[in-house]
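Here are the chains, one letter per residue:
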Amino acid sequence: QVQLVESGGGLVQGGGSLRVSCLASGLPIRGYSMGWFRQAPGKEREFVALIRSLGSTFYADSVRGRFTISGDNAKNTVFLQMNSLKPEDTAVYYCAASLATMGASWKSRRVDYWGEGTLVTVSS
């Protein structure tokens, strides 16, 4: 019933920008902590960004200042605007949702719902 569907991944040059989207169904994003994790080849899935139901945002140190998370309640969609992309940003990006209130220490084990991911590749 709950489904998170990511879109917008692709290939982009270093220094470029990309926006990925997460369309949620079966849950209202305004009632959840919504965010993004990513997993690069050979690495653990890591927290990227979070937006709480009241609009506060949190970011991993590696992306702060470059990425912006936002939500559109009318569309029930969460976005991640990625600017100044670096090759090390290359990863599968996963949309995530938790009914609990999360923060910058959000761990993957505390995610209630996952999307299937969208691949972002940043070339050098």
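This structure is a prediction, so every number in the text was calculated from the model and none was measured.

Colleague: Any chance you could explain the state of the cysteines here in plain terms?
Modeller: Put plainly, two cysteines are in a disulfide when a covalent bond ties their sulfur atoms together. Across all of its chains, the model carries 1 disulfide by this definition. Put simply, Cys 22 and Cys 95 are joined by a disulfide, and their sulfur atoms are 2.0 Å apart. Taking the torsion about the sulfur-sulfur bond, which here is approximately -80 degrees, the covalent link between Cys 22 and Cys 95 counts as left-handed. Separated by 73 residues along the polypeptide, Cys 22 in strand E3 (residues 18-25) and Cys 95 in strand E9 (residues 91-98) bring together distant segments of the chain. Classification of Cys 22 by relative accessible area gives buried; the value is 0%. For Cys 95, a relative accessible area of 0% gives the class buried.

Colleague: Explanation requested: the pattern of salt bridges in the structure shown.
Modeller: A side chain with one charge can pair with a side chain of the opposite charge if their charged atoms come near. Tallied over the entire structure, the rule returns 4 salt bridges. Note that Arg 38 and Asp 89 form a salt bridge whose closest N and O atoms lie 2.9 Å from each other. With Arg 38 in strand E4 (residues 33-39) and Asp 89 in the loop between strand E8 (77-82) and E9, this pair connects stretches of sequence that are 51 residues apart. Side by side, Arg 38 and Asp 89 carry an identical accessibility label, which is buried. Where Asp 89 meets Arg 66, a salt bridge forms, and the shortest distance between an N and an O atom there is 2.7 Å. Here Arg 66 lies in the loop between strand E6 (57-59) and strand E7 (67-72) and Asp 89 lies in the loop between E8 and E9, a separation of 23 residues in the sequence.

Colleague: Any chance you could explain the side chain of Thr 77 here in plain terms?
Modeller: Along the chain, Thr 77 turns up in strand E8. For Thr 77, the side chain forms a polar contact with the main-chain oxygen of Lys 75, separated by 2.9 Å.

Colleague: Please clarify how the packing of aromatic side chains should be interpreted in this entry.
Modeller: One pair of aromatic rings is described through two measures. These are the centre distance and the angle between the planes. Under the criterion given, the structure shown has 5 aromatic pairs. Aromatic side chains Phe 37 and Phe 47 sit 5.8 Å apart centroid to centroid with 75 degrees between the ring planes, which places their arrangement in the edge-to-face category. Placement of Phe 37 in strand E4 and of Phe 47 in strand E5 (residues 46-51) is noted, with a sequence separation of 10 residues between them. Phe 37 sits in the buried class, given a relative accessible area of 1%. Where Phe 37 meets Trp 114, the ring centres are 5.1 Å apart and the plane angle is 70 degrees; that geometry is what we call edge-to-face.

Colleague: How should the environment of Asn 73 be read in this particular structure?
Modeller: Structurally, the position occupied by Asn 73 is in the loop between E7 and E8. In sequence terms Asn 73 and Ser 105 are 32 residues apart; their C-alpha atoms lie 24 Å from each other. Not counting residues within four places of it along the chain, the set of residues in contact with Asn 73 comprises Ile 29 and Arg 30.

Conventions used here
- Residues numbered from 1 in each chain as written.
- Predicted model: local features only at pLDDT ≥ 70, side-chain atom pairs only at ≥ 80, totals over all residues.
- Heavy atoms only, no water.
- Disulfide = S-S within 2.5 Å.
- Helix = DSSP H or I, 4+ residues; strand = E, 2+ residues; numbered from the N terminus.
- Buried < 20%, exposed > 50% of the residue type's maximum accessible area, 1.4 Å probe, protein only.
- Salt bridge = Lys/Arg side-chain N within 4 Å of Asp/Glu carboxyl O.
- Polar contact = N/O pair within 3.5 Å; in protein donor to acceptor, adjacent residues only side chain to side chain.
- Phe/Tyr/Trp six-rings, centres within 6.5 Å; stacked < 30°, edge-to-face > 60°.
- Contact = heavy atoms within 4.5 Å.

None of the figures reported here should be taken as evidence of function without further support.
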